[in-house]
Amino acid sequence: MKQKKSKIRSSRSDKIFDTINVCLMILVLLIMLYPLWFVLIASFSDPNAVNMGKVTLYPVGFTTASYINVLGSDKIWSGYYNTIFNTLFGTALNLALTIPCGYVLSKKELPGRGFLSILFVITMYFGGGMIPAYLNVYNLGLLDNRWTLVILGGISVYNMIITRTYFQNSIPGELYESATIDGASHFRSFFQIAIPLAAPIIAVIALYYAVGRWNEYYNALIYVNKTELMPLQIVLRNILINNQNLLDQLLADPNATEEQISNQARLAYMAESMKYAIIYVASLPMLLLYPFIQKYFVKGVMIGSLKG
Amino acid sequence: MRHSITTQPSAVYMKKKISQRPLRSFNKALSMWQLYVLILPAVVYLIIFSYFPMYGIQIAFKNYRVSKGIWGSEWVGLDHFVRFLTFPNFWKIMLNTLRISFKSLIWGFPFPVLLALLLNELNNVTFKKIVQMITYAPHFISTITVCGMVLLFFNREYGIVNAVISALGGEKVDWLSNASYFDALYVGSGIWQSLGWGTIIYLAALSGVSPEMVEAAKIDGASRAKVVWHINIPTILPTIVIMLILNCGSLLGVGFEKVFALQNDLNLEVSNVISTYTYQIGLQGGQFSYASAIGLFNNIVNVIVLIFVNTIAKKLSDISIL
């Protein structure tokens, strides 16, 4: 009865509200999707058609040439290799540091817990800065090393706090108490009780770290100079961003001959279309994975927000 | 201390208790040694990679020479800070930094809130899930890729944007080399990338809206828009304030990566910010001490802003993060 009444009363203005809302959402969807869609169709189109602006809604002059070009480049493969290496080992290190740390700091009765927590939290707001950090890595002999990017970025305090909050709120303290009464050591409690029960949060944190590692770029820019160690994001930057600047300069050069320009333009067209392909080549693993892992990510944000 | 206030049976007992406390907590710590072992790797890591660099900050007050090391270099006091503050471009760099982050905040902050409020009103669960999933996508794409897309789309010669403009009979626009478009591209692409992801926290807060209250309001004849305005928004207000504080905390911490990626010689006038300047001076120019001073200055201002904003928020709404 009640429900019916409220439905009747609110019908008209609410219908307008709903319609506007759905229209806005469709607009948002278009804004989100179109750039991604455009990159996709441009990567499969004839470079000339893309550059003339003929490609807008679907591929024109379908070709996989740019993908063949991109996948034929050694740089891409070595970038892929390095990124996978960093992501695998880096995430493993991240978990090995973060999970025990979050567990220990969740123990309210631990003497010195407050001090240790502060030690970690300070680094969220204050740090040495770019140059002292660089000198530190330099002094440790970690510049331009195969393991440089694995070791740097070893722990994110934000992720550690999420883990701590999970241990505090989701695993009942009685469980540990009874284990202690039964004679279990702290090691045993951690490895045999806490870790199995923390599987959901471990998944969340692992994914957070892995995506961060995959997209990582700053550390690589600062600490790695050797071409063979460059991860995918640096390769991407060199192709997508630096090439572009070079090309613009060349086109603006008043002394360039006609032939040079037309030759360059042909190469430029090819280079441009390769850029569209490379965006998908580099982002595909994430774009394919994220629909499956996004719910874990959302979970992480929720746990994190419990203790903003 | 709190202990001694709550239990005051007799002075003798109190004295005994206090004298026993350090010993007891030492014994307790000893019995928990395994926990300290578990946290040890993380603490060591933190000391090496976060606190060693903090020790290195002293070079901001020295003339760092590689041969003499951090400790052996001579002190010069505040020279580097004075040099930065009197540097002719100081205000330009400062204002660029503030302008870019302020614009990102002003334009970037409201959209996720708005989208979350609207998403929450969708009746069709499947449609809602589709919108959420698609808006999350850009969050998983790297900053470099997003910047690369901006450069591709807005390229003067081959970009889709100019292609569409000229197809409609307009003049091609120099989006990338014209400094006046830098902010719009920077902020716009930022919104595109973080809009969907930013809604999660507000959607979580919106799940805390009491259904009884909404039902009651509806029976009283409130429209959907009114429910959103008078119930949903006040419910998520604390979350909004906390997010605002957190965002203000990094007001001077404009992301290096993105500005650096979008920077070119022609837009340097508006795109040179503290972090890119530090990079240019320090790592490319080798002036380690001067660059460290700039970095430290930046960091201190950030902390001050964070404390300031946090205090204001605490006074106004009793919400704080510190």
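Note that this is a predicted model, so its numbers are computed, not measured. (Residues numbered from 1 in each chain as written. Chains lettered and ligands numbered in written order. Predicted model: local features only at pLDDT ≥ 70, side-chain atom pairs only at ≥ 80, totals over all residues.)

Undergrad: Describe the overall build of chain B, listing the residues and the values that go with them.
TA: When its secondary structure is counted, chain B shows 17 helices and two strands. Every one of the 322 residues in chain B was classed for burial, and the buried ones make up 37%. (Helix = DSSP H or I, 4+ residues; strand = E, 2+ residues; numbered from the N terminus. Buried ≥ 20, exposed ≤ 12 C-beta atoms within 10 Å, placed from the backbone.)

Undergrad: Can you lay out the overall build of chain A for me, pointing to particular residues and giving the numbers?
TA: Counting secondary structure elements, chain A contains 14 helices and zero strands. Considering chain A as a whole, with its 308 residues, one finds that 38% of them fall into the buried category. Relative to all contacts within chain A whose residues are 6 or more apart in sequence, the contacts with residues 24 or more apart total 74%. (Contact = placed C-beta atoms within 7 Å.)

Undergrad: Lay out the confidence of the model for chain B with the relevant residues and their values.
TA: Across chain B, pLDDT averages 85, with 90% of residues at or above 70. Note on residues 1-12 of chain B: pLDDT under 50 across the span, and three contacts to partners over four residues away in sequence or across chains. (pLDDT = per-residue confidence, 0-100.)

Undergrad: Could you give an account of the domain arrangement of chain B, with specific residues and numbers?
TA: Residues and elements named next belong to chain B. By domain assignment, chain B separates into domain 1 (1-25), domain 2 (32-77) and domain 3 (79-317). A straight line from the C-alpha centre of domain 2 to that of domain 3 covers 32 Å. Contacts between the two partners involve eight residues from domain 2 and, on the opposite side, seven residues from domain 3. A class-by-class count of the residues in the side of domain 2 that touches domain 3 yields five nonpolar, two polar and one charged. (Domains from an automatic or database assignment. Nonpolar A, V, L, I, M, F, W, Y, C, P; charged D, E, K, R; others polar.)

Undergrad: Go over the UniProt feature "transmembrane region" (unreviewed entry) in chain A with me, naming the residues and quoting the values.
TA: All names here are of chain A. In this structure's numbering, the residues bearing the UniProt feature "transmembrane region" (unreviewed entry) are residues 20-44, 84-105, 114-135, 147-167, 187-211 and 276-293. Annotation note: span residues 20-44, helix share 96%, strand share 0%, distance between end C-alpha atoms 35 Å. Taken end to end, residues 84-105 has its terminal C-alpha atoms 31 Å apart, with 100% of it in helix and 0% in strand. (UniProt positions renumbered as here; feature names shortened; annotations may be inferred.)

Undergrad: Pulling in residues and values, what's your account of the interface of chain B and chain A?
TA: Counting residues at the interface gives 80 residues for chain B and 81 residues for chain A. When the residues that make up the side of chain B that touches chain A are grouped by side-chain class, the tally is 55 nonpolar, 20 polar and five charged.

Undergrad: With reference to specific residues and values, describe unusual backbone geometry.
TA: Residues and elements named next belong to chain A. The backbone of D144 sits at a positive phi, close to 55°, despite the residue not being glycine. Tracing the sequence through the fold places D144 in the loop between helix 6 (130-139) and helix 7 (148-151). The exposure class of D144 is exposed, given the 11 C-beta atoms found within 10 Å.

Undergrad: Describe the nonpolar core, with residues and values.
TA: Ranked by size, the top nonpolar core spans 141 residues in total, and within it A:A220, A:L236, A:I278, B:C147, B:Y202 and B:I294 carry the most contacts. Three or more residues apiece are contributed to this core by two domains, here domain 2 (32-77) and domain 3 (79-317) of chain B. If sequence neighbours within four positions are ignored, B:I294 has contacts with B:F84, B:I274, B:Y277, B:T278 and B:I281. (Core = buried A, V, L, I, M, F, W, Y, C linked by C-beta atoms within 7 Å.)

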